Structures are given as C-alpha cells and as structure tokens.
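Examining the three-dimensional arrangement
Each chain, written out:
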Amino acid sequence: MSQTPSKTFGLVGVGGFVAPRHLQAIKQNNGTLLCAIDKHDSVGILDSYFPQADFFTESERFERHLDKLKRNSTPLDYLSICSPNHLHDTHIRLALRNGASAICEKPLVLNPWNLDALLSAQNETNKHIYSILQLRLHPSILALKTRIEQSNKDSVFDIDLSYITARGKWYFHSWKGEESKSGGVATNVGVHFFDMLIWIFGDVEQSIVHYRSHSSVSGILILKKARVRWFLSIDENLLPQHIREQNKRVYRSLSLQGEEFAFSDGFNDLHTLSYTKILNNEGFSCEDSRKAIELTYHIRNATPIGLQGDYHPLNKRL
C-alpha cells in the first residue's frame, strides 16, 4: 500500500464500468472518498470501499455539496471523473471551480479545441488536470518503448494492432453507442492504444481510414518510426475462433515485424499506479493527451477510402 499522505476525493460516475478501478486506486493510495455522484443509484460497490461517502443522484445537490466544502475551507483535493465522454469537459471544470484537481478517464475531451479551453481554465487556478493514460505504465509497454528508443534511428517498424472487445445489444442503447457522446469506437475503445503508439513510435505523419461503422473501424497510421495497420471492433462475430473456444470476449493483439508482442496481462493495478504517480506530482497532463485526441478526431471525421491499399487483414471478415 502506498505511504503517500491521505488525500480527499470525490467521484463523478461511481455507477459506471470503470469506477471500481478508481475506487480501488483511491483506497490503495490511502485516500478517502468523501462524496460521489451517479444518476443511477445502483452503487452498492461503495460498501466495499467507502461506505461513509456522501452519495448524490442530482447534479445540483452534488455541486452544492462541493461548494459547501470549499466555503468551509475543506475543498476536495481531487475529483475523479468516470462520467460519459462528452461530459468530461464539464466535470473537469466543476473540479477546478470548486478548488480540486481533476483526475479524468480517457478521453479528456472529444474535440481538440476543447482541450485548449481546459488548459486556459487550468491556468486560472493552482490546480491540475490529470489524464489516465495507464498503458504508458504497463511494464511490457515500457520495455517496448526502451527497445524502440535503442533501435537504429532510421528504423521503421511494421505493426498490426487488433482489438476486439465484444459488446452486447445494450451498448447501442447507452451513451457509448452514440458517436456524439462517446466519440465512436475509435475514441471509446481505441484512444489509449493510439496514445501508446504515438508515445512509443513518434508523431503522426499520415492517417488513412479504410472502414468505419457503428461497431468497427480500421485504417493505417504512418508514424515517425512505424507503419501501423489497425482494427478496432465491438462486434463479437469478429472474435477469432480460438478466443471463442476459450469463452473469452476480448481479443487483443499487437504484432511487431510479424512477431507477437504480449501485453494482454498486467492491467489490474495500472489505475492504482496512475494515482500513485499523480499523488507524487508525476501524473499525465492535458498536453500529454493532445496527440491522441487530435488523431481520434481526424479518424471520426475522415472519409473512409474502402478496402484498397495496405489494409488490415481483419477487414476481409467484414
């Protein structure tokens, strides 16, 4: 367990999918969750971590509570944000306005220009906006980054990235199925991978989208040190047979020069480590997230060229 001094937290979106990772991270970093909000009240998960936390289902009452804490000179140290993607911007501002730094799930914003506005808001306070970019902390990915940095400076690597995370019918009835709210598949399930690739292989030189639908998207990415054919999907029908036979619903593959790069394990504690870094003033900033946000915005708005040129092999199964 971390020995960092105890800090106070609030959490927006405590009923969501990723919230338990944040609750665990707060607990394991010796923090205290004082309050939380979700429009749904199925939040029994709080009993396993912070049963004494004040809970709200109405944003007006939650904002009043934060204002009360600030006026009593006991503002939260951090507000953790696990709300739908299109609300991240609003909730980050809520944190700053009430004297707290923000810890936000990906992506910070859907549109690049909103990032500029957040930076301005941050500069008006002495607080910080931190982005959860946990793949940058994965041991295997750190090792890969070191390997690439030590390679010949003129090397360009051929990479295939495949990520299929099967989702049921519910997905398309939730905010995740609405592109205006989630940013679509490339943003909602892909932004961490794009951030990782840019972080390791350098800036984007060209991006081509081959295919895009409500459930799948693919393209090729030319980075400074890599050519990346990528394929992202939530369609369970595209899961490889060997994954189906294992009754698994997630397929994650990254091949480098035809060699499979293993990084499917080791994800369990990355949020806890992310919080540890933040508490030690080593968290990832707004600016750190910019390049992946710009790329996913381009992918969302690009016109697919169809299955021509050097496209990802999984496109043949569409």
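Procedures and definitions
Here the residue numbers are simple positions, counted from 1 along each chain's written sequence. Per-residue local features are limited, in this predicted model, to residues with pLDDT of at least 70; the limit for side-chain atom pairs, both in listing and counting, is 80 or more; totals at the level of whole chains, interfaces and linings are taken over all residues. Note that the side-chain values use all heavy atoms of the structure and ignore hydrogens as well as water. When DSSP finds two or more bridges between a pair of strands, those strands are recorded as paired. Helix and strand assignments come from DSSP, with helices taken as H or I runs of at least 4 residues and strands as E runs of at least 2, each series counted from the N terminus. With axes taken as lines fitted to C-alpha atoms, and helix axes fitted only over the stretch in contact, angles between N-to-C directions fall between 0 and 180 degrees. Contact criterion: two residues are considered in contact whenever any of their non-hydrogen atoms come within 4.5 Å of each other. Three labels apply to residues, based on accessible area from a 1.4 Å probe with only protein chains included: buried if under 20% of the type maximum, exposed if over 50%, partly exposed otherwise in between. Start and end points for every domain follow an automatic or database-based domain assignment. Defined here as a combined quantity, buried area equals the accessible surface (1.4 Å probe) lost by two parts on assembly, summed across both. Any carboxyl oxygen of Asp or Glu within 4 Å of a side-chain nitrogen of Lys or Arg constitutes a salt bridge here. Throughout this description, a polar contact denotes any pair of N or O atoms lying within 3.5 Å of each other; where both atoms belong to protein, one of them has to be capable of donating a hydrogen while the other can accept it, and for residues adjacent in sequence the pair is counted only when both atoms sit in side chains. UniProt positions are given in the numbering used here, feature names are shortened, and annotations may be inferred rather than shown by experiment. In this analysis, the protein atoms alone were mapped onto a 1 Å grid. Cavities are point sets where a 1.4 Å probe fits without being able to get out; pockets are open sets with protein on both sides within 12 Å along at least five of seven lines; lining residues have an atom within 4 Å of a point. Grid points are joined across faces, edges and corners, and a volume is the space filled by probe spheres set on the points. Side-chain classes follow a simple rule in which Ala, Val, Leu, Ile, Met, Phe, Trp, Tyr, Cys and Pro form the nonpolar group, Asp, Glu, Lys and Arg form the charged group, and the remainder, Gly included, forms the polar group. By convention a crossover is right-handed if, when the strands point away from the viewer, the path from the first strand over the helix to the second runs clockwise.

Looking now at the sheet that holds strand E11 (residues 250-256). Sheet strands pair by backbone hydrogen bonding; their relative direction is either parallel or antiparallel. Taking strand neighbours across the sheet as the criterion, the six strands line up as E8-E9-E10-E7-E11-E12 in an open arrangement whose pairing is mixed. The two strands at the open ends of the sheet, each matched to only one other strand, are strand E8 (204-212) and strand E12 (259-261). Between one strand and the next, the sheet's axes are offset by a mean angle of 20 degrees, whatever the strand orientation. The pairing of strand E7 (residues 157-165) with E11 spans seven bridges and is classified as antiparallel. In the strand pairing of E11, Asp160 is matched with Ser255. Relative to the sheet, helix H8 (residues 191-201) contacts E7, E8, strand E9 (216-223), strand E10 (226-233) and E11, its axis offset from that of E7 by approximately 165 degrees. The strands that helix H11 (residues 290-301) touches are E8, E9 and E10; relative to E8, the one it contacts most, it runs at about 40 degrees.

The subject of this paragraph is the environment of Ser180. By the element assignment, Ser180 lies in helix H6 (residues 179-182). For Ser180, a relative accessible area of 58% gives the class exposed. Separated by 65 residues in the primary sequence, Ser180 and Leu115 have C-alpha atoms spaced 17 Å apart. Setting aside anything within four residues of it in sequence, one finds Ser180 in contact with His86 and Leu110.

Turning our eyes to something else, we now look at the domain arrangement of the chain. According to the domain assignment, the chain consists of domain 1 (8-131) and domain 2 (135-266 + 286-317). In this structure, domain 1 and domain 2 have C-alpha centres spaced 28 Å apart. The interface is formed by 18 residues belonging to domain 1 together with 19 residues belonging to domain 2. Both sides of the domain 1 and domain 2 interface together cover about 1,600 Å² of buried area, and 64% of this is carbon and sulfur. Linking domain 1 to domain 2 there are one salt bridge. The closest approach of N and O atoms between Arg290 and Asp116, which form a salt bridge, is 2.8 Å. Taken together, the connections running from domain 1 to domain 2 amount to seven residue pairs in polar contact (both at pLDDT 80 or more).

All right, on to the UniProt feature "domain: Gfo/Idh/MocA-like oxidoreductase C-terminal" (unreviewed entry) in the chain then. UniProt tags residues 155-213 as "domain: Gfo/Idh/MocA-like oxidoreductase C-terminal" (unreviewed entry). A distance of 33 Å separates the end C-alpha atoms of residues 155-213, which is 34% helix and 31% strand.

Turning our attention to the sheet that holds strand E1 (residues 8-12). Reading across the sheet, the six strands line up as E3-E2-E1-E4-E5-E6 and stay open at both edges, with parallel pairing between neighbours. Of all the strands in the sheet, the pair left with one neighbour each is strand E3 (54-56) and strand E6 (129-131). Each strand of the sheet is rotated relative to its neighbour by a mean of 20 degrees, with strand direction disregarded. Relative to strand E5 (residues 101-104), strand E4 (residues 78-81) runs parallel, the two sharing four bridges. Along E5, the bridge assignment pairs Ser80 with Ile103. Against the sheet, helix H1 (residues 19-28) engages E1, strand E2 (32-37) and E4, with an angle of about 180 degrees to E1. Of the strands in this sheet, E1, E2, E3 and E4 touch helix H2 (residues 59-71), which is tilted by about 150 degrees from E2.

Another aspect to go through is empty space enclosed by the protein. In the structure shown here, the tally under the stated rule is three cavities of 30 Å³ or more. Taken as a whole, the largest cavity holds about 60 Å³ of empty space. If you list the elements that add at least two residues to the lining of the largest cavity, you get H8 and H11. Per element, the largest residue contribution to the lining of the largest cavity is three residues, and it comes from H8. Classifying every residue of the lining of the largest cavity gives six nonpolar, three polar and two charged. In this structure, the lining of the largest cavity is formed jointly by two domains, domain 1 (8-131) and domain 2 (135-266 + 286-317), each of which donates at least three residues. The computed volume of the second largest cavity comes to approximately 40 Å³. Along its surface, the second largest cavity is lined by Leu66, Leu69, Pro75, Leu76, Asn98 and Ala100. Of the residues in the lining of the second largest cavity, the class split is five nonpolar, one polar and no charged.

Bringing the pairing of E5 into the picture now. Along E5, one buried face is formed by Ser101 and Ile103 and the opposite face, lined by Ala102 and Cys104, is buried too. The parallel pair E4 and E5, bridged by helix H3 (residues 88-97), forms a crossover whose chirality is right-handed. Here E5 runs beside E6; their pairing, made up of three bridges, is parallel. Bridged to Cys104 within E6 is Ser131.

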